[in-house]
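An overview of the molecular structure
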Amino acid sequence: MRKIPNGKGIVRRKMPEGKKFFLASVPFLILVFAFAYVPLLGWAYAFFDYHPGMSLFDCDFVGLKTFAKIWANKSELFRVMRNTLAMSAICITTMPLAVVFAIMLNEIKNSKFRKLVQTTTTLPNFISWIVVFTLAFAMFSTDGMVAGVFKSLGIEKTVNLLGDNKHAWAFQWALATWKSLGWSAIIYIASIAGIDSELYDAAHVDGANRLQTIRHITVPGLYATFFVQLLLAISNMLSNGFEQYFVFYNPLTADKIEVLDYYVFKIGVLTNDYPQSIALGMSKTIISVILLFTANQLSKRVRGESIV
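Residues numbered from 1 in each chain as written. Predicted model: local features only at pLDDT ≥ 70, side-chain atom pairs only at ≥ 80, totals over all residues. Heavy atoms only, no water.

As recorded in an unreviewed UniProt entry, the protein chain goes by the name Putative multiple-sugar transport system permease YteP, listed as coming from Robinsoniella peoriensis. If you open the UniProt record of the protein chain and go to Sequence similarities (unreviewed entry), you find "Belongs to the binding-protein-dependent transport system permease family." (UniProt positions renumbered as here; feature names shortened; annotations may be inferred.)

Structure (structure tokens):
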């Protein structure tokens, strides 16, 4: 609120709403700039023969040599990309699970039970992957609870899921789904709440049952939200996350769960090759941006709407 003097006294004028919202967002813009854009200055290290402890100005400029070095071990790079794209493809293919769960949750008429289910399925999203690994180890290791139950039933041959290379992708997907399903469904629940209730009233008047209202009203009402989420998932195909694969990584399943994010960590921290690690991160970011704009163009052509 500003004080503006005039001939008769001081007139108080309210600050415009747009300016008020902008000022409220300034601290968050500063945080985004500090943590998302300032670190991009570190990309300069990818073009120098940098070693820890040295000043960047004392390092030799190598140009694109570091990027060429990425292809020196093609077999390892292709294995990492295979794991990354496979896990991303599985997650993208099963994205409708969150939509189905949100619809089923919305159809629960008992509000207390609905809130209980929603809270119970959302809480795992806030559990650290370290804790998830501890629980998984206690349940699925060779001496875990599941193996103990099988032994009590006389079944001696059990599968150690933590070290099962054959089913590693399915196991990691199941853990990620358990952890994120309730959280992912929140946005669809909000979209369902935004559907005009008069559409449901009109459908009930016309004699539509519950399944018919879901098919002809709820599902079409979620199309826009689902496609936005789908396009964002496509643009993030190279980003599977780091924490999950870091805590579950072991020599028995390394061939299947070493994804690009963990590979960048291994190159940079475990082998101290910081320039190559930064070059890999740069390449991943650039490819992700290209995927985003490609998905945006496809959305424009197919749906006539864009997300960027």
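From this point, things continue past the structure.
Further remarks concern the overall build of the protein chain. Each helix and strand in the protein chain was counted, giving 15 helices and 2 strands. Its C-alpha atoms give the protein chain a radius of gyration of 26 Å, clearly above 19 Å, the size a compact globule of 308 residues would have. Dimensions of the protein chain, computed from C-alpha atoms along their principal axes, come out at roughly 75 × 70 × 40 Å. Relative to its 308 residues, the protein chain shows a buried fraction of 32%. Nonlocal contacts in the protein chain, meaning residues at least 24 apart in sequence, comprise 62% of its contacts between residues at least 6 apart. Element-wise, carbon and sulfur atoms account for 67% of the exposed surface of the protein chain, whose accessible area totals about 19500 Å². (Helix = DSSP H or I, 4+ residues; strand = E, 2+ residues; numbered from the N terminus. Rg over C-alpha atoms; globule rule 2.2 N^0.38 Å. Buried < 20%, exposed > 50% of the residue type's maximum accessible area, 1.4 Å probe, protein only. Contact = heavy atoms within 4.5 Å. Areas by Shrake-Rupley, 256 points an atom, 1.4 Å probe, with all protein chains shown as cover.)

Here we come to the packing of helix H8 (residues 168-193) against helix H11 (residues 223-235). The description of two helices packed together rests on the angle between their axes and the distance between the axes. Across the interface, H8 lies against H11 with an axial gap of 9 Å and an inter-helix angle of 155°. The angle between H8 and H11 falls in the class roughly antiparallel. By crossing handedness, the relation of H8 to H11 is classed as right-handed. Contacts between H8 and H11 involve Ile-187, Tyr-188 and Ser-191 from the former and Thr-225, Phe-226 and Gln-229 from the latter. When its residues are assigned to classes, the contact of H8 with H11 shows 3 nonpolar, 3 polar and no charged. (Axes fitted to C-alpha atoms, helices over the stretch in contact; angles between N-to-C directions. Parallel < 35°, antiparallel > 145°, perpendicular 65-115°, else oblique. Left-handed = near helix turned anticlockwise from the far one by under 90°. Nonpolar A, V, L, I, M, F, W, Y, C, P; charged D, E, K, R; others polar.)

What follows covers the UniProt feature "transmembrane region" (unreviewed entry) in the protein chain. Here, UniProt's "transmembrane region" (unreviewed entry) annotation points to residues 21-48, 85-105, 126-150, 170-195, 216-238 and 274-293. The span residues 216-238 carries 83% helix and 0% strand; its end-to-end C-alpha distance comes to 35 Å. Spanning residues 274-293, this segment combines 100% helix with 0% strand, and its end C-alpha atoms are found 29 Å apart.

The terminal C-alpha atoms of helix H15 (residues 274-303), which comprises 30 residues, lie 42 Å apart, in line with the 44 Å expected from a rise of 1.5 Å per residue. The N-cap of H15, judged by a side-chain oxygen 3.4 Å from the amide nitrogen of Gln-276 a few residues on, is Asp-273. At the exit of H15 stands Gly-304, carrying a positive phi of roughly 75°. (Expected span 1.5 Å × (residues − 1). Polar contact = N/O pair within 3.5 Å; in protein donor to acceptor, adjacent residues only side chain to side chain.)

Here the focus is unusual backbone geometry. In terms of backbone geometry, most residues other than glycine have negative phi values and most peptide bonds are trans. In this structure, Asn-272 takes a positive phi of about 60° despite not being glycine. Considering the arrangement of structural elements, one finds Asn-272 in the loop between helix H14 (260-270) and H15. Residue classification places Asn-272 among the partly exposed positions, given a relative accessible area of 45%.

A few words on the packing of helix H3 (residues 74-93) against H8. H8 packs onto H3 with a crossing angle of 50° between their chain directions and a minimal axis gap of 10 Å. Between H3 and H8, the angle is such that the two are oblique. Crossing of H3 against H8: the hand is right-handed. Residues Arg-82, Asn-83, Ala-86, Met-87, Ile-90 and Cys-91 of H3 pack against Trp-169, Gln-172 and Trp-173 of H8. Residue composition of the contact of H3 with H8, by class: 6 nonpolar, 2 polar and 1 charged.

Among the surface-exposed residues, Val-32, Phe-33, Tyr-37, Val-38, Leu-40 and Leu-41 lie close enough to one another that they form a single nonpolar patch of about 610 Å² accessible area. Tracing the backbone shows Phe-33 in helix H1 (residues 17-37). (Patch = residues over 30% accessible without salt bridge, like charges linked within 9 Å, V, L, I, M, F, W, Y side chains within 5 Å. Salt bridge = Lys/Arg side-chain N within 4 Å of Asp/Glu carboxyl O.)

All right, on to the packing of aromatic side chains then. Considering all chains together, one arrives at 20 aromatic pairs under this definition. On the basis of an interplanar angle of 85° and a centroid distance of 5.4 Å, the ring pair of Phe-126 and Trp-183 is categorised as edge-to-face. Here the residue Phe-126 occupies a position in the loop between helix H5 (111-122) and helix H6 (129-140), and Trp-183 occupies one in helix H8, the gap between them amounting to 57 residues. Take Trp-183: its relative accessible area is 43%, and that puts it in the partly exposed class. Each ring, one from Phe-226 and one from Phe-227, has its centre 6.1 Å from the other, and the planes form 70°; the classification is edge-to-face. By relative accessible area, which is 30% here, Phe-227 ends up partly exposed. Members of the aromatic cluster, joined through ring pairs, are Trp-129, Phe-133, Phe-137, Phe-140, Phe-171 and Phe-248. Note that Lys-256 overlies the ring of Trp-169, its terminal NZ or CZ placed 4.9 Å from the centroid. (Phe/Tyr/Trp six-rings, centres within 6.5 Å; stacked < 30°, edge-to-face > 60°. Lys NZ or Arg CZ within 6 Å of the ring centre and 35° of its normal.)

For the α-helix, the turn length of 3.6 residues means that residues three or four positions removed from each other point alike. Turning to helix H4 (residues 96-106), its buried residues number three or more, namely Ala-98, Val-99, Phe-101, Ala-102, Ile-103 and Leu-105. Here the buried face of H4 lies against H5, H8, helix H10 (210-221) and H11.

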